[in-house]
Amino acid sequence: MTTVDLGTIRRLVSVTVDDVEHRVPEGATIMDVLDSAGADTPRLCQAPNLTPVNACRVCVVEVEGSRPLVPSCARRVEDGMVVRTDTDRVAHSRRMVLELLGSANDMSQAGDDVARWSIEYGADPERYGPVGPPAAAGERGNRHAGHHSAPDGETRATVAQPVTVDNDLYVRDYARCILCYKCVEACGTDAQNTFAIAVAGRGFDATISTEFAVPLPDSACVYCGNCIGVCPTGALKSVAEHERREAGVWDPEGETVTSTICSFCGVGCTLELHVQDNTIVNVTSPHDHSVTHGHLCIKGRFGFQHVQNVAPPRDR
Amino acid sequence: MDLTLLADAPTTAERAAVDAVVGSAPGTGPGSPTDPADGTGAADEGRRDLLLPAFHAVMDAVGWISRGALSYVCETLHVPPAEAYGVATFYALFSVTPRAPRIAHVCDDVGCAAFGGEDLCAAMEERLGPEGSGEEVTWTRSPCLGLCERAPAVFLQTTHGHGQIAPADADAVTHALDGEDVAGPDPVVSTPQAGSPDLELLSRVGVVDPGDLDSYRAAGGYAGLRRALAVGPARVVDEITVASLTGRGGAAFPTGTKWSAVAGSPDPVKYLVCNADESEPGTFKDRVLMEADPFALVEAMTVAGIAVGARLGYLYVRGEYPAAEAALLRAISEARRHGYLGDDVMGSGRVFDLEVRRGAGAYICGEETALMNSLEGRRGEPRAKPPFPTVSGLFGKPTVINNVETLVNVLRIVEQGGPAFASVGSGRSTGTKLFCLSGVVARPGVYEVPMGTTLRELLELAGGVPVGLKAILLGGAAGSFVTPDQLDVPLTLEGTREIGATLGSGVVLCFDESTDFAAVLRRIAGFFRDESCGQCVPCRVGTVRQEEALARIERGREIGGRTVELQLLDDVDRVMTDASICGLGQTAASAVRSALSLGLIGSGGGARRNGDHP
C-alpha cells in the first residue's frame, strides 16, 4: 500500500495583496504568497533551503498597521493581513537597497535577476561619487569596531579588496560580499554545523571571517563548499570557476548540466555536473532535493577529478 | 559539535582570568540558562552566555584578547572560535590585537566635543601621541560616555581597574593612567534638585547612602516590595496598566502591555531584563539613578520579576559605567544577604534573584533584542520582530525588558496606586519624567518634572533659557533639533510629536549661536556609521553614504549641486527610516533631517567654511 505524506494539515488564512485576496496555508510567508501569485519579488539573502535572516531588505513590502516596511521573506501571514507591494515606499526601498549595494560592492556576478531588478527599480550606484581606493589584503578585517576615519566625501567607500586564495578548492572574493549571512548559515546550523566562518567586525567594516582571519586550512573548514552553493554574488566560488573567469574563458552560455547520483556513499545525493568545454567546472545539488536540500559534502562537490581524464594528476 | 581550536595556548594570567569567571558563575540555579528544567537549548551550547564576561575578564587582566585566550574561552564555554571572534570584534571595548593595557576613552561626542572634548583630545595627542599609539598607555576617541553634565568626560579602561573622570583634564587623565586613584563622579552634583520635596524618582538621590541598605530602608525603601507581595502579582500588573506607564528608554511602549503578556504566558520559565545600556548621546539619567540610588532599581526589579513570574533577572549595564555597576553589585549582594533577593524574598516564599552583566561598547545593544543577543553571548544584532520578546525573548523565553527609569517608576506606582500616578500628566504621558540637560545651560544635570512641563519651564529650572540659544537637540542623536521659538512645547509624547520631535530618552542638549553645527552633524553621522551593527543594508551602507554626503556639503564640494545632494540625503533617509531592521537605522537620519530643514547647516551660514577646503 502506498502512503502519502500529507504533512501538517494547516488551516487557510486570508491575505490581501494589492487588493487581491489570497487563501494560503497558515505559516506561509508573505513571499510564498507573492511567489505563488507570480510576482517578481527581488531577493538576495533569502534562499529556500536556509532560515530567513531579513538582512538585505530588498524584498520589503508594506503591511497595514506596521510603520516600517516588512521583509516578505520572513514575515508569516496572519489572517486578515493587508499587504501592498505597489507603493512608492516599497519601490523606493527596493531601489535604494540595490543602489546602496551596487555603490559598495562589485555586483557584476550577482546574476541576471539582480541586473534586471537594478534596471527595473532604477538603481543608480554611480551618483555617490567616484569609487574610493580598495583596501589592502586583510586590512578590512583589522578595523576596530566603533572607529573609522572621517571621510571627505570626494570618493565613495566600498568593500573592494584583493581575492583571498588560500586553498585548492575555493576562493573568497569579498569585494563582492554583501553580508547576506547565507554562507555563515550554511556553514552553521542550517547545513554543515561546522562553524568555520562567522560575521566579524561591525557596521560597514563587518566581514565574513574565520577566527583571527586565519587561512581556511587552519580553520574548522571541511570544504563541503555549501557556502559556495548559497553565495548569491560570486564572492565565494570554486577555484575552477575563478581561474576560468580570470583567464577570460568562463562560458555560462555554453555550459551544460548533467544530473547524476553521487557514487561515493550510500546516501544517494543528486548531483548536477556543470560542464564547460568538456570539463566539470562546478557541482551542485537542487535545493528542493529531499536528501540534500541543495547541500553536499566535499566528495560530492569536489571529488570529480577521476571522471574526467583531462589533466594529469597534480602531484605524482 | 566538535570544536577545531587554534594551537595557541593561553598564558597563565589568561587562563586564570577565564577560570575565575566560569568558576564563579551561578551554575544551575533556578531559572538560570542551564537549569535542566528549562530545556531552552541554551544548555546545549554550554555556557555561551558567559562569553562577554569571559572576554571582559581577559581584557581586564591583560588588556587584549590573544589567540590563546580566545581558544581557551572557546574550549571552556564550548563556542566555535570563528563565532567567538565574531563576538569579540563586534564590541568596541574588546581588542583582538595587542593594545596598551591602560587606555583613556575620551568623549568627543556632541555633548562633550565643543565643551572641552576636542581640546582634551588635542592635549592627549600632544602627550601620548596619536590615538591608539603607545605600548603601555594610550588614548582613543569615544562616543558619548553619559557624563554630559560634566563635560569633557573620560572613561578609563585599564588592567588595574576602570574609572570615570568628568570634568577631565589632561593632567588628571595621565595621572589616572599612571595608576593614581581617581574619585568617581559624585552623582549628587548631577542632580541640582536633590533634596527637593517635589521629587519622586530622584527623591533619594543625594539623601541616602547608596551603599547602605539601612539608609535606603530609612528613606522608605522596600515599602514597595512589601506592598507588592501583600497584594500579589496580578494586582501589581493591573496597577502598572492603570498607571499607563510608558517605557522611558525612548520607544515609549506601554509597560503594562509587556507585563500582562509575560505574566499570562503559560511558559514556566520567564525572564526579566533591565536595559541599563544607556548610550543615547546626551543621556545620563539612568547612570545617576544607578549610582545614587541602586537599591531602588534592585527593589523595582524584584517587584517586576515577581509580578511577571520570572525567577531570574538580568541587569545589562553599560560597560562604560563602572561606578553604576559597582553600586549595583554592592546593592544586590546586600539585598541578597538580608533576604530581599534569593529563594525566599522577604519571607514570602517567592524566588527571585539578579545577575549583573556588563556591556562592551555597543550603542546597538540598547535595542532590546540586540541586548538579549548580547546577554546570550552573541553579536549585538537586533532580531526580527515578531516574535516579540514577550513571546520569545532571552534564551527564547517570554521576557519583560524595561529601561532603568521605567522600572524605578514601578515603586511609586505600587506604593501610591496606578490612578495616583496616572493623575500626573495627560493622555499616554503620565507620571514624572527625567530630563538630561547639558550643553550651554547654567546648571546642567538630571531634572525630574511632571509630564507636560514645557521646555521653557524645564530650562528655567536649570538657570534660565541660555543666552544666544540657537537650537536644542531633543531626544538624543536619534531625536531631532528644536528651535527657541518652540520652547513652549509641552514635554509629553503627544506634545513633542505635534512639532515633529520626540521625547526620546530625555535628552535636552542646548547649543548657542557660536555652535559649529556642521561639526555637530558630522559627529552624529559618524556616530551612526560607527554604531550600525552592519546587519541590514539600508543602515550599514546608508549611514556611510549619509556621512559622505554631509562631508561634501560641509566642504562645498557637492556632486551636481546642493539640490542633488539634498535629494540623495533624502533618498538615503527614506530607505533607512522605512526598511532598516531596528530603531537605530530607522532614526539614523532623524537629527540630520531636522538640522537640514531648520537650515542649521548647508544654508551658507556661519558654520560653512568654504575657505577651509580649496
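Residues numbered from 1 in each chain as written. Chains lettered and ligands numbered in written order. Predicted model: local features only at pLDDT ≥ 70, side-chain atom pairs only at ≥ 80, totals over all residues. Heavy atoms only, no water.

## So, the confidence of the model for chain B
Residue and element names in this part refer to chain B.
Piece 1. Of all residues in chain B, 94% have pLDDT values of 70 or greater, and the mean over the chain is 93.
Piece 2. Confidence drops under pLDDT 50 across residues 28-44; counting only partners more than four residues distant or on other chains, this segment forms 33 contacts.
Piece 3. Every residue in residues 604-614 is under pLDDT 50, and counting partners more than four places away or in other chains gives 14 contacts. (pLDDT = per-residue confidence, 0-100. Contact = heavy atoms within 4.5 Å.)

## Here's the deal with the interface of chain B and chain A
Piece 1. If you look at the interface, chain B gives 65 residues, while chain A gives 62 residues.
Piece 2. In total, chain B and chain A occlude about 5,300 Å² of area from one another, counting both sides; carbon and sulfur atoms represent 56% of this.
Piece 3. When the shortest N-O distance is used, the salt bridge between A:Glu154 and B:Arg557 registers 2.8 Å.
Piece 4. In this assembly, chain B and chain A are joined by 32 residue pairs in polar contact (both at pLDDT 80 or more).
Piece 5. Of all the secondary-structure elements, those providing two or more residues to the side of chain B that touches chain A are helix H3 (67-77), helix H4 (81-88), strand S2 (137-142), helix H19 (517-531), helix H20 (537-555) and helix H21 (562-579) of chain B.
Piece 6. Among the elements that line the side of chain B that touches chain A, the one with the most residues is H20(B), at 12 residues.
Piece 7. Of the residues assigned to the side of chain B that touches chain A, the class counts are 29 nonpolar, 15 polar and 21 charged. (Buried area = accessible area lost by both parts, 1.4 Å probe. Salt bridge = Lys/Arg side-chain N within 4 Å of Asp/Glu carboxyl O. Polar contact = N/O pair within 3.5 Å; in protein donor to acceptor, adjacent residues only side chain to side chain. Helix = DSSP H or I, 4+ residues; strand = E, 2+ residues; numbered from the N terminus. Nonpolar A, V, L, I, M, F, W, Y, C, P; charged D, E, K, R; others polar.)

## A look at the nonpolar core
For soluble globular proteins, nonpolar side chains are generally found buried alongside one another.
Residue and element names in this part refer to chain B.
Piece 1. Ranked by size, the top nonpolar core spans 145 residues in total, and within it Phe 55, Tyr 91 and Phe 481 carry the most contacts.
Piece 2. Here this core takes eight residues from H19, the largest share from any one element.
Piece 3. Of all hydrophobic cores here, the second largest spans 64 residues; its members include Cys 144, Phe 295, Ala 307 and Val 356. (Core = buried A, V, L, I, M, F, W, Y, C linked by side-chain atoms within 4.5 Å. Buried < 20%, exposed > 50% of the residue type's maximum accessible area, 1.4 Å probe, protein only.)

## Digging into helix H11 (residues 285-292) of chain B
Given 3.6 residues to a turn, an α-helix orients residues that are three or four positions apart in the same direction.
Piece 1. Within H11(B), eight of the eight residues are buried, leaving the element largely enclosed by the surrounding structure.
Piece 2. Among all positions of H11(B), only B:Lys285, B:Asp286, B:Arg287, B:Val288, B:Leu289, B:Met290, B:Glu291 and B:Ala292 are buried.

## Considering the sheet that holds strand S13 (residues 469-474) of chain B
Residues and elements named next belong to chain B.
Piece 1. Across the sheet, five strands lie side by side as S12-S11-S15-S13-S14; this open sheet has mixed pairing. A strand with exactly one partner marks an edge of an open sheet, and here the two such strands are strand S12 (445-450) and strand S14 (480-482). Along the sheet, successive strands turn relative to each other by an average axial angle of 30°, direction set aside.
Piece 2. Contacts from helix H15 (residues 404-416) reach strand S11 (432-439) and S12 within the one sheet, and its direction differs from that of S11 by about 140°.
Piece 3. With respect to the sheet, helix H23 (residues 590-597) is in contact with S13 and S14, its orientation differing from that of S14 by roughly 35°. (Pairing = 2+ DSSP bridges. Axes fitted to C-alpha atoms, helices over the stretch in contact; angles between N-to-C directions.)

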